[in-house]
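# Structural overview for review
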Amino acid sequence: MDCVFCRIIRGELPSRKVYEDEGFVAFHDIRPKAPVHVLVVPKEHVEKLSDYPDTEEGERQLGALFRTANRVAKLLGLEGYKVQVHVGAKGGQEVFHVHVHVMGSPS
């Protein structure tokens, strides 16, 4: 797959990673909108948030995504932060691989 986030996950493109585990990778946004602006990306390619199934498995996947976003915010020392998700082109999504923006200022 030629998705830019898939290429980052595979190590084909450089990134400033701040976190990685078996299911997710988090790295600094190349166009930050806050002093700290990190993207949390599942390693499994899913185009948009609304593509997750309305099932227990979909609920588990979404829970893991937001749990990881919270983990990354704590790791970066963000006491208060914003979590933002763009869904679909009309929702402002630019890269069609699910990702969560974690934005804030360090404590």
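Residues numbered from 1 in each chain as written. Predicted model: local features only at pLDDT ≥ 70, side-chain atom pairs only at ≥ 80, totals over all residues. Heavy atoms only, no water.

What follows deals with the packing of aromatic side chains. Any aromatic ring pair is given by two values, namely how distant the centres are and how the planes are angled relative to each other. Within the structure shown, the criterion is met by 1 aromatic pair. Residues Phe5 and Phe27 carry aromatic rings whose centres are separated by 5.6 Å and whose planes lie at 70° to one another, so their mutual orientation is edge-to-face. Highlighted residues: Phe5 in helix α1 (residues 4–9) and Phe27 in strand β2 (residues 24–28), separated in sequence by 22 residues. Like Phe27, Phe5 is buried. (Phe/Tyr/Trp six-rings, centres within 6.5 Å; stacked < 30°, edge-to-face > 60°. Helix = DSSP H or I, 4+ residues; strand = E, 2+ residues; numbered from the N terminus. Buried < 20%, exposed > 50% of the residue type's maximum accessible area, 1.4 Å probe, protein only.)

On to the nonpolar core. In terms of nonpolar packing, the biggest core is built from 17 residues, with Ala26, Val40, Leu65, Val72, Val100 and Val102 touching the most fellow members. Those elements that place two or more of their residues in this core are β2, β3 (36–42), α2 (56–75) and β5 (100–104). When residues in this core are grouped by element, the largest group, 5 residues, is from α2. The residues contacting Leu65, other than those within four sequence positions of it, are Phe24, Val40, Pro42, Leu49, Val98 and Val100. Of all hydrophobic cores here, the second largest spans 9 residues; its members include Cys3, Cys6, Ile8 and Phe27. (Core = buried A, V, L, I, M, F, W, Y, C linked by side-chain atoms within 4.5 Å. Contact = heavy atoms within 4.5 Å.)

Now for the layout of surface pockets. Looking at the largest pocket, its volume works out to about 510 Å³. Residue lining of the largest pocket: 24 residues in total, with Phe5, Asp29, Ile30, Arg31 and Leu39 positioned closest to the centre. Going through the elements one at a time, α1, β2, β3 and β5 are the ones with two or more residues in the lining of the largest pocket. Taken together, the residues that form the lining of the largest pocket break down as 10 nonpolar, 9 polar and 5 charged. Its volume calculated, the second largest pocket comes out at about 250 Å³. As for the second largest pocket, its lining consists of 14 residues, of which Gly23, Phe24, Arg60, Gln61 and Ala64 are closest to the centre. Broken down by element, the lining of the second largest pocket gets its largest block of residues, 6 residues, from α2. The residue inventory of the lining of the second largest pocket, partitioned by class, reads 4 nonpolar, 3 polar and 7 charged. (1 Å grid on protein atoms, 1.4 Å probe; cavity = no way out; pocket = protein on both sides within 12 Å on 5 of 7 lines; lining within 4 Å. Points joined across faces, edges and corners; volume = space filled by probe spheres on them. Nonpolar A, V, L, I, M, F, W, Y, C, P; charged D, E, K, R; others polar.)

Read these as geometric descriptors, not functional statements.
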